[in-house]
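# A structural walkthrough
If you want the building blocks of each chain, they are given just below.
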Amino acid sequence: MNNINASVSKWSVASRLFHWISAVLLLVTWIMILLYQNLDSNLYIGLHKAFGISLLCWMIARVINRVFTKAPPALPMPKWQLLMSKLSHFVLYALLIAMPLAGLLMSVYGGRPVDIFGLFQIPIFVTPDRGLARFYNDLHTDIIWPMIIAFTLLHIAAAFYHQLVKKDNLMARMK
Ligand code: HEM
Ligand code: HEM
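Residues numbered from 1 in each chain as written. Chains lettered and ligands numbered in written order. Predicted model: local features only at pLDDT ≥ 70, side-chain atom pairs only at ≥ 80, totals over all residues. Heavy atoms only, no water.

Moving on to the confidence of the model for the chain. This prediction gives the chain a mean pLDDT of 95; 96% of its residues lie at or above 70. For the stretch residues 1-5, pLDDT sits under 50, and the model shows five contacts to residues farther than four places along the chain or on other chains. (pLDDT = per-residue confidence, 0-100. Contact = heavy atoms within 4.5 Å.)

The following block contains the structure:
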């Protein structure tokens, strides 16, 4: 039943690269903030911002790629599950764009330009405003981040449910 590997319809190579490199960038951005929180070094907050901005650029390219990519035909599953997967994928895209944007706005409203790996800086392109800096800080840490954790865990749990319980080889589409 499930030795259909050869005939599995996969996402395009570009979509698979976009998917896994986004996941790695998210992981690295998170590890950088953990290092910063534990070692209190400015090196790591700088790297957190630079990797976060890299993820933002990557996600913009990913959305463009997605618009022009034909998704592989959906596997047979109840309609509500299909709907939930589409909805949660959409939310993940939105969160991965909103998160670095909130970080960027927090920094520039706080009066700090953002250094990108020592290569160039994103200048302060707004009039600094403590209230708005605080607002985007709260959005970044208290609202969007918990949502990223929740939706990512749900996403990974769903992938393993397909792999281990339904055994429908869904994971192979993204491998
Ligand atoms: C998707 C990309 C990003 C993710 C997943 C992310 C995640 C996080 C997390 C988990 C924290 C710690 C929250 C806490 O205190 O518990 C944090 C803090 C922070 N992030 Fe990001 N971030 C991203 C992008 C950015 C960007 C692009 C910038 C700035 C250009 C930025 C600036 C900051 C700053 C300054 C803090 C420290 C806030 C504080 O200590 O009050 N982040 N981020
Ligand atoms: C162990 C980690 C992960 C596994 C096993 C996994 C697995 C998958 C699979 C199998 C699909 C395709 C679903 C389908 O064909 O219907 C998919 C799509 C997707 N994944 Fe993941 N994923 C992982 C991590 C992540 C992370 C960390 C994110 C971002 C937070 C993410 C975001 C997405 C998005 C947005 C899609 C939809 C793609 C599209 O419609 O363009 N994934 N994932």
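So that's the structure; there's more coming.
Below, the discussion takes up the site of ligand 2. If you check the shell around ligand 2, you find 19 residues, and the closest are His 19, Arg 66, Tyr 93, His 155 and Arg 173. Contact between ligand 2 and Arg 66: an oxygen atom at 2.6 Å from a side-chain N or O atom of the residue. Counting only elements with at least two residues in the shell around ligand 2, the list comes to α1 (13-39), α2 (42-67), α3 (79-109) and α4 (130-166). Broken down by class, the residue content of the shell around ligand 2 amounts to twelve nonpolar, four polar and three charged. (Near = heavy atom within 4 Å. Polar contact = N/O pair within 3.5 Å; in protein donor to acceptor, adjacent residues only side chain to side chain. Helix = DSSP H or I, 4+ residues; strand = E, 2+ residues; numbered from the N terminus. Nonpolar A, V, L, I, M, F, W, Y, C, P; charged D, E, K, R; others polar.)

With that out of the way, let us pick up unusual backbone geometry. A positive phi angle, near 50 degrees, is found at Phe 117, a position not held by glycine. Along the chain, the position of Phe 117 falls in the loop between β1 (114-116) and β2 (120-122). Positive phi, normally seen in glycine, also occurs at Lys 167, with a value near 50 degrees. Inspection of the secondary structure puts Lys 167 in the segment after α4. Since its relative accessible area comes to 48%, Lys 167 is described here as partly exposed. (Buried < 20%, exposed > 50% of the residue type's maximum accessible area, 1.4 Å probe, protein only.)

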